[in-house]
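Each chain is listed here by its residues.
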Amino acid sequence: MLKNEEELVITIDAKGMYYKELNKMIKDGIGAGEKKFFIENVNGQYYLGDGIQGDDIIITINGVPGNDLGVFMDGPTIIVNNDAQDNIGNTMNAGKIVIKGNAGDVVGYGMRGGRIYIAGDAGYRIGIHMKGYIEQIPVIIIGGKVGSFFGEYMAGGIMILLGLNISDEIAGDYFGVGMHGGVIYLKKKIDFSKYSKEVEFSEADDNDMVVLKKYLLEYANDLNLHYDEIISGVFYKISPSSARPYAHLYAS
Amino acid sequence: MTKSSFSNIQPEFLALIDDTKCVRCKRCIQNCGWGTYSFGGDKIIADHYKCVACGRCYTYCPEDAISVVKNPTVMRENANWHDYHIKNIWKQSEISGIIISGMGTPLKYKKYFDHMLLDACQVTNPSIDPLREPMELRTFLGKKPSKLELDFTEDGEPILKNPMPPQIELQTPFIFAPMSYGSISLNAQKAMALAAKALGIVMNIGEGGLHDDLVPFGKHIIVQVASGRFGVHRDYLNSGIAVEIKIGQGAKPGIGGHLPGEKIGMDISRTRMIPLGTDAISPAPHHDIYSIEDLRQLIFAIKEATDYKKPVSVKVAAVHNIAAIVSGIVRAGADIVYIDGFTGGTGAAPAIVRDNTGIPIELALAQVDERLRQEGIRNEASLIAAGSIRSSADAVKAIALGADAVAIGTAALVVMGCHVCGKCHTGNCSWGITTQRSELVRRLDPEVYGERLYNLITAWSHEIMEVLGSMGVNSIESLRGSRERLRGVELTDSELQVLGIKHAGL
Amino acid sequence: MLRLKNTFSIERDISGCGLCGIINIKKVKINGENIKRAIALEHDRGNGLGGGFAVYGAYPDYASLYAFHIMYDDIAAKNNVEEYLKKNFVIEKNEPIPVLKISKILDHPILYRYFMKPKSDREDRLFHDLKDDDFVVRSVMVINSQYDGAYVFSSGKNMGVFKGVGYPEDIADFYMLDDIEGYMWTAHNRFPTNTPGWWGGAHPFTLLDWSIVHNGEISSYGINKRYLEMFKYSLSLKTDTEVITYILDLLIRKHGLTIELATNILAAPFYQTIEKMDPPKRELFTALRQIYGSALLNGPFAIIFGFSDGMVAMNDRIKLRPLVAATKGDFTYIASEEASIMEMCPSPDIVWSPKAGEPVIVRTENVKAKNIVQKEEMVSL
């Protein structure tokens, strides 16, 4: 572990290190009052940032972090300069995760707050069971395309799917299946048959654009993208048709 | 459901009022959560269609003027076309939909606890008097190393080389089963919290988050992480004595949960950390667990978040291949495995699943315990058995089959007045248990029922001591897994083999 | 009719008993006459269906070899087992165990002893690397569970067990124990209740150089047995003594615990006592109960277990079985009844009744076994 006195960055070479050891180093560092961490040679270590707290903590990762990146995280920022695997931001409460490459399946499962910004594509079941609670609004933005079951059981929060530089369909089937809260914005239309019967489709209005501008500006800045290109044009809005999609299904 | 001209369904019960006894105090009107009673000018009128036989009205009628009886209007008896089937067909043809029910299955299946008898000492070894000689029920839940590693002090005194993995200490081998705030009322949870603290045991708050009022009871609380992840955050994971990952429930293996939006009021919304008024859906699977290695991943995500200070329990429903499943769970790093049997309770489940899916806890437990022993990993995790433990005798038999402790769900609700009417899912519970209606919840006094829960578990503990004494042992660990002290009656060879016990007489 | 293996369909074989033990810490040897008289005094604690003795220091000429005592129902069984032994062991010597035909012991199995060590190139080396002790344990279990009509009843070094169906004093005469010397003896008089006595079921029960004599029916047998099975012990005899022996083997030999800690597992202190201990000790004893709760011997027992370097006597944690101890010079005596001690040693230095669960641990000094002490000398002690 090296400490750069000027920039106050703790550098950790994670090569060959098991997650337990690596996470303990990070937690011990946070406990000792350190704020900035740079972790090199990460390759597959699970649970980076698991349950850590502190809005001013920034962890930058070189390499592919393992599953459950930022699980239960409550405040810090994690920046990944490469691709990342499954379960990013699992049950995350607050903070930010920026992925400069692609992400795996099940991003932001049960996420209650914070933001996950992905430059590239993401896999299946993105934003599954995302929540939202009082002033906490979880946000996921994906620059590329996603797989099926996008926003499954979504109960709150905001997801923005941009489909930048994607020529074919930007999402798989069963889009918004079981969605009963929150909102999804699309920069490109997808085939109508893909929307689940629990959602409604409309064009984003001025109020929506206020929301979009706010988050996309930060997204563009974090990922060094051209905000103007991203924000230009029409956005579409997917919202649940009912907060109680299954009320009719049962007999008592 | 009020009678409509085109419904075939007749009322199941008749709420009969003896007008000569009735003093028109209208307490029945107030007490019934179902709206069965109304005042008809000069007397109480009952809408029998609304009665569920929850027992509240006659319990609180000062004049004993009410009797609730089964509707004597018979359907033609048919052992094959039972009225259960016929009524469900009518119901589903009239309003469609999946039949939802509360509580464990009411159908008649063989109850294996009722076919096992206990051993006692005669002559060759002595029984022990539990009232005067020491009798230990203390139980520790958590991973135990297979062997003790020692260090020695300079004086040559042996000391522990490594601290023991975290344990839950129970003064008696009972816990209160997971029941969430939402499925039951906060007052019902509080009654269990008070009792758990007084008894030196723990309650499990279920998957609905931890209400602020329960935070001071943290040392007596297991917090749960279910697929809905309600209220789950870092501090939540660290607020109890252990964390449980809920995979399944005996009453509805493989089925998720669903708390209807109308029950998500301010307080529940805050506790579950979800928006007001939306359905609280627990997906059928955890969407980060599609395979056993994913379970390991979540177990260790929780251990990382709790600095390895909390035992992690995994709750599963007893299904056909349960022995192999639990073996996998133990090898995935669980410290406790909670097995919920076929007859286990629920706040709401599709009746088709509740009544047809899973296997009885006795058989599941016997196979799991044996399997873990064969693999030499029984010490790696403690086993909690659940799924309608109705008496201390059931508890003793479960422990002899191999459980470390048993969980009490329905029995705890019965203490609070529950008559097992099975209508928990409607939210109208007259007893204030499975309802969020404030006028109903208010009537459940946590102090009163906390004390009654204390009484029940204390009485059951004394009964276990009596049984231990009769068996000539003075510590619960000498009963645990000691199937030699069980014999079967009226069981087939296959059943005996699965249970790992001999037939009585052998 | 002889039965080496128990043919009753039982989950366990239970019995009441009397027991005696004697040890000289300087390893001065005495013959079996004294202990025979002591156990004979406890005649009424048995019913003539089992008696036996363990003697340490019995085979000084073969002290480095495992001494197997094996009972056979017939020659065929003997041939089968010997085939196994030849394949796996270097047999330095084998011979019939010398016996005296007496009227009180009419039927007896073929009794043979073998002095041997495991072969270094034995077949099992192909798939694992067991230590000699472990291989011997495994061999004993293989023979006892898989070879019909054969039963290994002693397998330690420089020690031997002599037992059978009959009163112990008759068994002693049958094996001519007056002519055998050792620095430690244990003796057992058996009162089986649900089997009519069979040669293999008599005590002492042994494994390597562990020998156990035991009185009382363990009420926790069921879980003790299942606990041991988890560690791959096969319990063929279904006796409490077998269970106790294997638990001690597990705790002391395999898990490396001290004898003192092992005895605190067999007769664990109550939590009430543990709570009064200093923190490090409290943690240790709580851990002992957490880890080894299934090894707690619950119910009545008094045991004497011998091993090459000493002897331990103890009873259960609420003292449901009797145990008396005494010392005289370098000798320690243990018995179910004080009178038995007086029979061996009329004027001991100290006599006491050990507290519930509190072990009497006697270790020999690090000396070579001494030559035979004459009987006259012995009495004068």
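Residues numbered from 1 in each chain as written. Chains lettered and ligands numbered in written order. Predicted model: local features only at pLDDT ≥ 70, side-chain atom pairs only at ≥ 80, totals over all residues.

(A) Structural context of the nonpolar core. By size, the foremost hydrophobic cluster in this structure holds 230 residues, and its most contacted members are Leu161 of chain A together with Val326, Val337, Ile339, Leu365, Ile384 and Val406 of chain B. In this structure, Ile384 of chain B is in contact with Ile175, Ile336, Tyr338, Ala403, Asp404, Ala405, Val406 and Ala407 of chain B, ignoring residues within four places of it in sequence. Met159, Tyr227, Ala268 and Met311 of chain C belong to the second largest nonpolar core, which has 116 residues in total. (Core = buried A, V, L, I, M, F, W, Y, C linked by C-beta atoms within 7 Å. Buried ≥ 20, exposed ≤ 12 C-beta atoms within 10 Å, placed from the backbone. Contact = placed C-beta atoms within 7 Å.)

(B) Region of interest: the interface of chain A and chain B. Between chain A and chain B, the residue contacts involve 39 residues of the former and 34 residues of the latter. The set of elements that each furnish at least two residues to the side of chain A that touches chain B consists of strand 9 (155-161) and strand 13 (250-251) of chain A. A class-by-class count of the residues in the side of chain A that touches chain B yields 16 nonpolar, 16 polar and 7 charged. Sheet topology note: the strand 13 of chain A/strand 5 (residues 98-101) of chain B ladder contains 2 bridges and is parallel. By the bridge assignment, Tyr250 of chain A is partnered in strand 5 of chain B with Ile98 of chain B. (Helix = DSSP H or I, 4+ residues; strand = E, 2+ residues; numbered from the N terminus. Nonpolar A, V, L, I, M, F, W, Y, C, P; charged D, E, K, R; others polar. Pairing = 2+ DSSP bridges.)

(C) Spatial organisation of the pairing of strand 14 (residues 242-246) of chain B. Residue and element names in this part refer to chain B. With 5 of 5 residues buried, strand 14 lies mostly within the body of the structure. Here strand 14 runs beside strand 17 (residues 312-317); their pairing, made up of 4 bridges, is parallel. Bridge assignment links Ile245 to a residue of strand 17, and that residue is Val314.

(D) Representation of the sheet that holds strand 5 of chain B within the structure. An order of 13(A)-5(B)-19(B) is seen for the 3 strands of this open sheet, with the pairing classed as mixed. With partners counted over all chains shown, the strands left at the sheet margins are strand 13 of chain A together with strand 19 (349-350) of chain B, one partner each. Bridge count for strand 5 of chain B against strand 19 of chain B is 2 bridges, and the pairing is antiparallel. Across the sheet, the residue bridging to Ser101 of chain B is Ala349 of chain B, located in strand 19 of chain B.

(E) Looking closely at the interface of chain C and chain B. Contact with chain C, which involves 38 residues of that partner, is made by 36 residues of chain B. Put simply, the parts of the chain that give the side of chain C that touches chain B at least two residues each are helix 5 (221-230), helix 8 (271-274) and helix 9 (279-292) of chain C. Counting residues per element, the side of chain C that touches chain B draws most heavily on helix 9 of chain C, at 7 residues. Per-class residue counts for the side of chain C that touches chain B are 18 nonpolar, 15 polar and 5 charged.

(F) Looking closely at the arrangement of the chains. Here 2 pairs of chains are in contact, and chains A and B lead that list by number of contacts. The smallest C-alpha distance separating chain A from chain C is 26 Å, and no contact links them.

(G) Spotlight on the sheet that holds strand 5 (residues 89-96) of chain C. All names here are of chain C. Within the open sheet, the 4 strands sit side by side as 5-6-4-7. Their pairing is antiparallel. Here the strands that pair on one side only, and so sit at the sheet edges, are strand 5 and strand 7 (150-154). On average, adjacent strands in this sheet sit at an angle of 30° to one another, irrespective of strand direction. Pairing analysis gives 4 bridges linking strand 4 (residues 66-72) to strand 7, with the strands arranged antiparallel. (Axes fitted to C-alpha atoms, helices over the stretch in contact; angles between N-to-C directions.)

(H) Summary view of the domain arrangement of chain B. Residue and element names in this part refer to chain B. Split into domains, chain B comes out as domain 1 (13-97) and domain 2 (139-254 + 284-474). The distance between the C-alpha centroids of domain 1 and domain 2 comes to 35 Å. Each partner contributes residues to the interface: domain 1 has 9 residues there, and domain 2 has 9 residues. (Domains from an automatic or database assignment.)

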